[in-house]
Amino acid sequence: MNKYIKKVLNRLKEKNINESEYLQAVEEVLTSIEPVINNHPEYEKIALLERMIEPERIITFRVPYVNDKGQTIVHRGYRVQFSSLIGPYKGGLRFHQSVNQSIIKFLGFEQIFKNALTGLPIGGAKGGSDFDPKGKSDDEIMRFCQSFMTELQRHIGADVDVPAGDIGVGEREIGYLFGQYKRIKDRYEGGVLTGKGLSYGGSLVRKEATGFGLIYFMREMLANNNQTLEGKTVTISGAGNVAIYACQKALEYGANVVAMSDSTGCIYDKNGIDLQLVKQIKEVERGRISEYIESHTEAEYFEHTGEDSPIWNIKTDIALPCATQNEITLNSAKKLVENGVIAIGEGANMPCIKEATEYFLKNNILVAPAKAANAGGVAISAVEMSQNSMRYYMTFEEVDQKLNEIMTDIFKTCKTTSDKYNLGNNYVSAANIAAFTKLANAMVAQGIV
Ligand code: NDP
């Protein structure tokens, strides 16, 4: 390994010993950009890597709220403003009981690279809280969001830092957060949050963008290998925002989606998933995916008990992990390869453990890496910001066309980079190198800051 990279990684491990997800994310990037670092020994003198992996700012804060029983509950809020190198800080908010500093730092770090790949002027950030919205009433969600924003508002702004949704934060939560921001600031500042409702400044296609974008990227990657989605069997983990709209677009392209999941288990419907029913259960009733088999008795339900998710035992051509980080273990990767998978499309951030990704690549499985393949959501968030600035709204077709172009361009960037560095079908390294090169050039140009 390049000596400079090794030194930076060793120091990073010493300083962040308890932050496994953050270490995993940084290690993946630094080990894959070695050819670039070898060509630029001057980066060591200006501590370019050290500066790129250190967040510009980490904010943590107390978030108290009163639940429906009248009890006061205290959560911890986070905002990691990782990099403003190429634009205002930009990245989602995650509300999930597992949220901690390591997870927000890994997500913020990945976001810098993803945002660079979109070609749009947005920096990288992430935030959230260890609050679990599942099972909470609307009133509780509103009170929590208001408390969260009462503190966060002093750190964000349309030209400063623009949060959006992620796990547990959808249109409902963005609405409550936006309402509180507007109330405190006493002005309409549409571009301060993205993923807003259409009635008060949101963009058409933002809701669909990550899922649709994932399938556009997959289409390009398959086409480059003389394949299409038509007639392919697809399994999709998760049944949230990314999973649902990936499913919708995959169905439009003629794929047969046979399985989806949530954190408690997965459904397998060999006749093809009834997406309207999944939307009703997850988007409207906020229920469990297991309810699917109540009206589709021919479908099967497998509970998620051990470490490996049961969905990856199902035979498929294309697997789309769209739930959470590290959901594909090495065991699951082996099972997928044994069952003949040809492509993996990462809708979730860092859904494969490092060894799983390596196993796929070693077995010539196509991997669409998260930083590239799920960039459609943030790209359309940037398009939402543009529309807010222009005070003008684009049609569904216009935004979808833009998304399609952006995802096609991201694939082209990965392909050109892979050709330049002789990486074959390793788009994981190609995406990292392409994004890093852009960021490193900006960093050199802006001096030691
Ligand atoms: P949602 O909250 O809408 O949905 C998340 C889904 O994943 C739910 O079905 C949830 O199940 C499941 N899930 C969450 N945590 C776990 C877990 N620990 N184990 C198993 N299943 C789990 O989130 P999104 O769809 O927005 O996000 C999904 C992934 O996509 C995340 O990795 C996110 O970072 C990434 N992403 C999202 C973008 C966006 O625009 N929304 C943009 C780019 C990436 P349950 O209902 O049981 O909790």
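Residues numbered from 1 in each chain as written. Predicted model: local features only at pLDDT ≥ 70, side-chain atom pairs only at ≥ 80, totals over all residues. Heavy atoms only, no water.

**Comments concerning the site of the ligand**
Turning to step 1, where the next piece is worked out: Around the ligand there are 25 residues in total, and Lys134, Asp166, Thr210, Ser263 and Arg288 lie nearest to it.
Turning to step 2, where the next piece is worked out: A distance of 2.6 Å is found between an oxygen atom of the ligand and a side-chain nitrogen or oxygen belonging to Asp166.
Turning to step 3, where the next piece is worked out: A distance of 3.1 Å separates an oxygen atom of the ligand from a polar atom in the side chain of Arg206.
Turning to step 4, where the next piece is worked out: Only helix 9 (206-223), helix 10 (241-252) and strand 7 (256-262) provide two or more residues apiece to the shell around the ligand.
Turning to step 5, where the next piece is worked out: Considered class by class, the residues forming the shell around the ligand number 6 nonpolar, 12 polar and 7 charged.
Turning to step 6, where the next piece is worked out: Each of domain 1 (56-188) and domain 2 (209-373) contributes no fewer than three residues to the shell around the ligand. (Near = heavy atom within 4 Å. Polar contact = N/O pair within 3.5 Å; in protein donor to acceptor, adjacent residues only side chain to side chain. Helix = DSSP H or I, 4+ residues; strand = E, 2+ residues; numbered from the N terminus. Nonpolar A, V, L, I, M, F, W, Y, C, P; charged D, E, K, R; others polar. Domains from an automatic or database assignment.)

**Remarks on the packing of helix 17 (residues 396-420) against helix 18 (residues 427-445)**
Turning to step 1, where the next piece is worked out: Close contact between helix 17 and helix 18 brings their axes to 8 Å; oriented N to C, the two are set at 100 degrees. Here helix 18 runs roughly perpendicular to helix 17, going by the angle between their axes. Of the residues in helix 18, those touching helix 17 at Phe411, Thr413, Cys414, Lys415, Thr417 and Ser418 are Tyr427, Ala430, Ala431, Ile433 and Ala434.
Turning to step 2, where the next piece is worked out: For the contact of helix 17 with helix 18, the residue count by class is 7 nonpolar, 3 polar and 1 charged. (Axes fitted to C-alpha atoms, helices over the stretch in contact; angles between N-to-C directions. Parallel < 35°, antiparallel > 145°, perpendicular 65-115°, else oblique. Contact = heavy atoms within 4.5 Å.)

**Here's the deal with the side chain of Lys232**
Turning to step 1, where the next piece is worked out: Looking at the element boundaries, Lys232 is found in the loop between helix 9 and strand 6 (233-237).
Turning to step 2, where the next piece is worked out: Buried within the structure, Lys232 lacks any salt-bridge partner; Asp317 is the closest side chain of opposite charge, at an N-O distance of 6.1 Å.
Turning to step 3, where the next piece is worked out: Reaching out from Lys232, the side chain makes a polar contact with the backbone oxygen of Thr228 at a distance of 2.8 Å.
Turning to step 4, where the next piece is worked out: Apart from residues lying up to four places away in sequence, Lys232 is in contact with Gln227, Ala255, Asn256, Asp317, Ile318 and Ile342. (Buried < 20%, exposed > 50% of the residue type's maximum accessible area, 1.4 Å probe, protein only. Lys, Arg positive; Asp, Glu negative; His and termini not counted. Salt bridge = Lys/Arg side-chain N within 4 Å of Asp/Glu carboxyl O.)

**What about the packing of aromatic side chains?**
Turning to step 1, where the next piece is worked out: One pass over the full model with this rule turns up 18 aromatic pairs.
Turning to step 2, where the next piece is worked out: A centroid spacing of 5.7 Å and a plane angle of 90 degrees characterise the contact between Tyr65 and Phe144, whose relative ring orientation is edge-to-face. In this pair, Tyr65 is assigned in strand 1 (residues 57-66) and Phe144 in helix 7 (residues 138-152), connecting sequence segments 79 residues apart.
Turning to step 3, where the next piece is worked out: Its relative accessible area of 5% is what places Tyr65 among the buried residues.
Turning to step 4, where the next piece is worked out: Pairwise contacts between aromatic rings join Phe61, Tyr65, Phe95, Phe131, Phe144 and Phe148 into one cluster. (Phe/Tyr/Trp six-rings, centres within 6.5 Å; stacked < 30°, edge-to-face > 60°.)

**What to know about the domain arrangement of the protein**
Turning to step 1, where the next piece is worked out: By the assigned domains, the protein splits into domain 1 (56-188) and domain 2 (209-373).
Turning to step 2, where the next piece is worked out: Distance from the C-alpha centre of domain 1 to the C-alpha centre of domain 2: 27 Å.
Turning to step 3, where the next piece is worked out: On the domain 2 side, the residues contacting the 13 residues of domain 1 number 11 residues.
Turning to step 4, where the next piece is worked out: Here domain 1 packs against domain 2, burying approximately 1000 Å² in sum over the two surfaces, 51% of which is carbon and sulfur.
Turning to step 5, where the next piece is worked out: Area buried by domain 1 at its contact with domain 2 is led by Phe106, Glu110 and Lys114, which between them contribute 43% of it.
Turning to step 6, where the next piece is worked out: On inspection of domain 1 and its partner domain 2, the count reaches 1 salt bridge.
Turning to step 7, where the next piece is worked out: Sort the elements by how many residues they give to the side of domain 1 that touches domain 2 and helix 6 (residues 101-117) lands first, with 7 residues. (Buried area = accessible area lost by both parts, 1.4 Å probe.)

**Here's the deal with the pairing of strand 7**
Turning to step 1, where the next piece is worked out: For strand 7, the tally of buried residues reaches 6 of 7 residues, placing the bulk of the element in the interior.
Turning to step 2, where the next piece is worked out: Here strand 6 runs beside strand 7; their pairing, made up of 3 bridges, is parallel. Counterpart to Thr233 in the pairing with strand 7 is Asn256.
Turning to step 3, where the next piece is worked out: Between strand 6 and its parallel partner strand 7, the chain crosses via helix 10, and the hand of that crossover is right-handed. (Pairing = 2+ DSSP bridges. Right-handed = clockwise from strand over helix to strand, strands pointing away.)

**Regarding the nonpolar core**
Across soluble globular proteins, nonpolar side chains show a tendency to be buried alongside one another.
Turning to step 1, where the next piece is worked out: Core analysis: the largest hydrophobic core is formed by 105 residues, its most contacted members being Leu30, Leu49, Phe217, Leu320 and Phe436.
Turning to step 2, where the next piece is worked out: Among the elements that take part in this core, helix 18 stands out by supplying 11 residues, more than any other.
Turning to step 3, where the next piece is worked out: Ignoring anything within four residues of it in the chain, the contact list for Leu49 reads Tyr4, Ile5, Val8, Leu30, Ile33, Ile37 and Phe436.
Turning to step 4, where the next piece is worked out: Ranked by size, the runner-up nonpolar core spans 21 residues in total, among them Ile141, Val169, Leu177 and Val192. (Core = buried A, V, L, I, M, F, W, Y, C linked by side-chain atoms within 4.5 Å.)

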